[in-house]
Amino acid sequence: MTKQPRMGRQAAVDFLMEYLVLFVIVALVIVTAIVEPRFLSAQNFTNLMRQFGPLSFVALGMTFIIVGGFIDLSVPGMISIVAMVTLSLVDVIGELPAMFAGLVLGAALGFVNGTTLMLAGANTQAKALFITFGMSQIYRSLALHLTGGFPMNWGTLFEHPMPVTRALSSGMWGPLSISFWVFLFFLLVLYIFQSKTALGRAITYTGGNLTAAELGGIPTKRVVVFIYTLCGFMVAVGAIVLFSRVSVTVPTVGTFFERDAIMAVVVGGTSLTGGRGNVLRTVMGVSLVILMSNCMNLLGVQTHAQEVVRGAILVLAIWLDHRRHARG
């Protein structure tokens, strides 16, 4: 007689854990709107859309890495060198060609990451963690060497006009910012790719069980190189949107982006063990991370306290992922 109520309670707990991030987002919005009315202002809404840009692109790329069963800590270095190289090329070849070169560079760096991992026999997340951390140091050092450690200001430094950069910085199309429309475009493309293509499904199979995927005929090494290349490309998109927002770009501009991207992906429900997750869930994670930062800033929470909250949320997300994985 007591079995059915227990099953009902367990189903309710499972549902709560599965969609906890949505409940937290709703609660965060309601509480902040009550305590700080500025949260609902049009200016803050526009600010949220612009904050959504850089992190969302990086997190979308990181989703495929983690679903594939790997990790990428080279993001800060890639952002730094892509941003500085792109800005350095503006006066040489023009704004749009420089951006295209930056995207190619990002994809190339991701390809180097994936190829290095496969050549080193790094077929686990732990090995990938240390190798990609080392790659990040290399990329960041190259960015520092390229610029001599000096910042670059695209608003005053360059002779050529930068209409695309200015549009990404503050342009609006209808009720949404240009950068947000760009995000929606990539989200749609990546969602279709992940859910409707054979390669998208192969990434999930590879992350679920690498050995079984190999036995099933999936070229897992090529899949791994591809997901790192894709992540590098998305990181480059994020780097371009990032320097359009900050105007003054330093060689260490990518600091902490790997932490926030991993947190957004895991908080959204993608499993750290691989084989489970999608880009739509990552959007929920990104939304929570950005809303949380925005709300704490509006409420005057000190920076060190914000870092404590971020760390606690990351720990909680990993714990929840472990619980979900343990339940199968």
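Residues numbered from 1 in each chain as written. Predicted model: local features only at pLDDT ≥ 70, side-chain atom pairs only at ≥ 80, totals over all residues. Heavy atoms only, no water.

So, on to the overall build of the protein chain. Looking only at helices and strands, one finds 14 helices and 4 strands in the protein chain. Looking at the protein chain as a whole, 48% of its 328 residues qualify as buried. In the protein chain, the share of contacts with a sequence separation of at least 24, taken over all contacts with a separation of at least 6, comes to 79%. As displayed, the protein chain offers around 15500 Å² of accessible surface, 70% of which is attributable to carbon and sulfur atoms. (Helix = DSSP H or I, 4+ residues; strand = E, 2+ residues; numbered from the N terminus. Buried < 20%, exposed > 50% of the residue type's maximum accessible area, 1.4 Å probe, protein only. Contact = heavy atoms within 4.5 Å. Areas by Shrake-Rupley, 256 points an atom, 1.4 Å probe, with all protein chains shown as cover.)

Next up on the list: the nonpolar core. The biggest cluster of nonpolar side chains holds 92 residues, and the ones touching the most others in it are Met62, Phe64, Ile79, Phe183 and Tyr228. Sorting elements by how many residues they give to this core places helix α11 (residues 220-246) first, with 16 residues. Sequence-distant contacts of Phe64, that is, excluding residues within four places in its chain, are made with Leu190, Phe193, Gln194, Ile203, Ile227, Leu230 and Val279. (Core = buried A, V, L, I, M, F, W, Y, C linked by side-chain atoms within 4.5 Å.)

Let's shift gears to the confidence of the model for the protein chain. Regions with low pLDDT carry predicted coordinates that are not meant to be interpreted in detail. The pLDDT averaged across the protein chain works out to 86; a share of 90% of its residues lies at or above 70. No element of the protein chain has a lower mean pLDDT than helix α1 (residues 3-18), at 61, and none a higher one than helix α5 (residues 95-119), at 96. (pLDDT = per-residue confidence, 0-100.)

Take the packing of aromatic side chains next. Counted by the stated rule, this structure contains 9 aromatic pairs. On the numbers, 6.3 Å between centres and 80° between planes, the contact of Phe70 with Tyr228 is edge-to-face. Of this pair, Phe70 sits in the loop between α3 (42-67) and α4 (75-93) while Tyr228 sits in helix α11, and the two are 158 residues apart along the sequence. Overall, Tyr228 belongs to the buried group, its relative accessible area being 0%. (Phe/Tyr/Trp six-rings, centres within 6.5 Å; stacked < 30°, edge-to-face > 60°.)

Taken as a whole and assessed by the stated rule, the structure comprises 4 salt bridges. For Glu36, the salt bridge is made with Arg38, and the minimal N-O distance between the two is 3.0 Å. Judged by its relative accessible area of 47%, Arg38 is partly exposed. For Arg259, the salt bridge goes to Asp260, with nearest N and O atoms at 3.0 Å. (Salt bridge = Lys/Arg side-chain N within 4 Å of Asp/Glu carboxyl O.)

With that settled, consider the environment of Ile65. Structurally, the position occupied by Ile65 is in helix α3. Along the primary structure Ile65 and Tyr228 are separated by 163 residues, whereas in three dimensions their C-alpha atoms are 6.6 Å apart. Here Ile65 is in contact with Phe70, Ile71, Asp72, Ile227, Tyr228 and Cys231, once residues within four sequence places are set aside.

A separate point is the environment of Glu307. With respect to the secondary-structure elements, Glu307 resides in helix α14 (residues 303-327). In the structure, Glu307 is positioned 14 residues away from Ser293 in sequence and 9.7 Å away in space, judged by C-alpha atoms.

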